[in-house]
Amino acid sequence: MQGRGTFISPFPSPRCLAAAAPAGKAKLTHPGKAILAGGLAGGIEICITFPTEYVKTQLQLDERANPPKYRGIGDCVKQTVQGHGVKGLYRGLSSLVYGSIPKSAVRFGVFEFLSNRARDENGRLDSTKGLLCGLGAGILEAVFVVCPMETVKVKFIHDQTSANPKYKGFYHGVREIINAQGIRGTYQGLTATVLKQGSNQAIRFYVMTSLKNWYKGDNLDKAMNPLVTGTFGAVAGAASVFGNTPLDVIKTRMQGLEAHKYKSTLDCALKIMRHEGLAAFYKGTVPRLGRVCLDVAIVFIIYEEVVKVLNIVWKTD
């Protein structure tokens, strides 16, 4: 009793119980679902964003010492369309489509496999562990998918700039590269690719994990609509661009038709610095920024939405 006519129950009210109850455990994503959703997301994304990837690669291959063929992004697009038509902006798409599906499948499959084991008892993944899981996913996707596919893509695009292009298509190009250089020819720039993809995914998953944790707070099952997912993905993509564009430039040079000029990844970096200056490490940043922000936003939106559907039709709990 407290005061006249006032009764205080010794039991907490239902409202208090609801407020004090801990949030439920976060649902884990089965790696199999991650592989399917990631592969689908990667295939759709690359078909949308490839022209910006083409322009970025052309500008990076357009070394200052040549002298440069292009005066900027607009001029690169203009010359490509004038010389090869609009389809010229999609030269090399086949190699990236064949690569993007398994690349995203490996990335998300490995990330979910690692993160499921790194979460706490409530299913929360902290930012540092998100970074490490992303690093592991990036390294494996680089070794098994990205390096060989990116090497073929860069050679395709670089081949178009020559007076007499020699690659007639994806399979013909791969066959010519292997006949001339062996399997090793599809693994040029492996060190730079591992560094680039590892840092890429480490940065992206670190940012994405941090933003998700901030947004969900204590409610780990709080739903995220596609707009929020896309916004977080674009921020993560932008962070990765500014964080590792120099590695992307080195990787592109190491995989081009003139890769023989460089003895190693370090030699490539030193020659770029010596002959072209620090600014050369950021060539293609603007088109890459636009592509990557759109790329990561699209991939995460499609991935999350496909996982939601798979959770309904494929019960793994």
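Residues numbered from 1 in each chain as written. Predicted model: local features only at pLDDT ≥ 70, side-chain atom pairs only at ≥ 80, totals over all residues. Heavy atoms only, no water.

As annotated in an unreviewed UniProt entry, the protein chain is Tricarboxylate transport protein from Pogonophryne albipinna. The UniProt entry for the protein chain carries the following comment under Subcellular location (unreviewed entry): "Mitochondrion inner membrane". (UniProt positions renumbered as here; feature names shortened; annotations may be inferred.)

Along its length, the protein chain carries ten helices and zero strands. When the helices and strands of the protein chain are listed from N to C terminus, the series reads α-α-α-α-α-α-α-α-α-α. Overall, the protein chain is about 95 × 40 × 35 Å in size when its C-alpha atoms are taken along their principal axes. When the 317 residues of the protein chain are sorted by exposure, 48% land in the buried category. (Helix = DSSP H or I, 4+ residues; strand = E, 2+ residues; numbered from the N terminus. Buried < 20%, exposed > 50% of the residue type's maximum accessible area, 1.4 Å probe, protein only.)

Let us look at the pattern of salt bridges. Per the stated rule, a full pass over the model turns up nine salt bridges. Residue Lys-196 is joined to Asp-248 by a salt bridge in which the shortest nitrogen-to-oxygen separation is 3.1 Å. Of this pair, Lys-196 sits in helix H7 (residues 190-216) while Asp-248 sits in helix H8 (residues 226-255), and the two are 52 residues apart along the sequence. Across the pair Glu-305 and Lys-308 runs a salt bridge, and its minimum N-O distance is 3.1 Å. Note that Glu-305 and Lys-308 are positioned in helix H10 (residues 285-313) at a spacing of three residues, about one turn of the helix. Counted as one network, the salt bridges with shared partners bring together Lys-56, Lys-196 and Asp-248. (Salt bridge = Lys/Arg side-chain N within 4 Å of Asp/Glu carboxyl O.)

Here we come to the packing of aromatic side chains. In the structure shown here, the tally under the stated rule is eight aromatic pairs. Here Phe-108 and Phe-205 contribute two aromatic rings whose centre-to-centre distance is 6.0 Å and whose plane-to-plane angle is 80°, an arrangement assigned as edge-to-face. On the criterion of sequence distance, the pair formed by Phe-108 in helix H4 (residues 93-118) and Phe-205 in helix H7 is long-range, its members being 97 residues apart. An identical accessibility class is assigned to Phe-108 and Phe-205; each is buried. Grouping aromatic residues by their ring pairs yields a cluster made of Phe-108, Phe-111, Phe-205, Phe-300 and Tyr-303. The lysine or arginine in question, Arg-117, covers the ring of Phe-113, its NZ or CZ lying 3.9 Å from the ring centre. (Phe/Tyr/Trp six-rings, centres within 6.5 Å; stacked < 30°, edge-to-face > 60°. Lys NZ or Arg CZ within 6 Å of the ring centre and 35° of its normal.)

What follows covers helix H9 (residues 265-276). Compared with the 16 Å implied by 1.5 Å per residue over twelve residues, the 16 Å span of H9 between its first and last C-alpha is a close match. Among the residues making up H9, those that are buried are Thr-265, Asp-267, Cys-268, Ala-269, Ile-272 and Glu-276. Contact partners of the buried residues in H9: H7 and H8. Phi turns positive one or two residues past the end of H9, at Gly-277, with a value near 90°. (Expected span 1.5 Å × (residues − 1). Contact = heavy atoms within 4.5 Å.)

A few words now on the nonpolar core. Judged by nonpolar contacts, the single largest core of 26 residues is most densely connected at Ala-37, Phe-108, Phe-111, Phe-300 and Tyr-303. Elements that contribute at least two residues to this core include exactly helix H2 (31-61), H4, helix H5 (127-160), H7, H8 and H10. The greatest single-element share of this core, amounting to ten residues, is contributed by H10. Phe-50, Val-55, Leu-93 and Leu-96 belong to the second largest nonpolar core, which has eleven residues in total. (Core = buried A, V, L, I, M, F, W, Y, C linked by side-chain atoms within 4.5 Å.)

Right, let's get into the packing of H7 against H8. Two elements in contact, H7 and H8, have axes separated by 8 Å at closest approach and are oriented at 170°. Comparing the axis directions of H7 and H8 gives the class roughly antiparallel. Note on packing geometry: the crossing formed by H7 with H8 is right-handed. (Axes fitted to C-alpha atoms, helices over the stretch in contact; angles between N-to-C directions. Parallel < 35°, antiparallel > 145°, perpendicular 65-115°, else oblique. Left-handed = near helix turned anticlockwise from the far one by under 90°.)

Further remarks concern the UniProt feature "repeat: Solcar" (unreviewed entry) in the protein chain. The UniProt record annotates "repeat: Solcar" (unreviewed entry) at residues 29-117, 128-214 and 224-309. Across residues 224-309 one finds 78% helix and 0% strand; the C-alpha atoms that close the span lie 14 Å apart.

Glancing now at the side chain of Ser-240. Relative to the elements of secondary structure, Ser-240 occurs in helix H8. Beyond its immediate sequence surroundings of up to four residues, Ser-240 is in contact with Asn-200, Ile-203, Arg-204, Arg-288 and Val-292.

Before going further, it helps to examine the environment of Lys-87. Relative to the elements of secondary structure, Lys-87 occurs in the loop between helix H3 (73-84) and H4. Distance in space between the C-alpha atoms of Lys-87 and Pro-51 is 9.5 Å, their sequence separation being 36 residues.

Let us look at the environment of Val-110. Secondary-structure assignment places Val-110 in helix H4. On the accessibility criterion, Val-110 (16% relative accessible area) is buried. Val-110 sits 28 residues away from Gly-138 along the chain, and the two C-alpha atoms are 8.8 Å apart.

In this fold, Thr-229 is placed in helix H8. The contacts of Thr-229, once residues within four sequence positions are left out, are Met-208, Met-224, Phe-300, Ile-301 and Glu-304.

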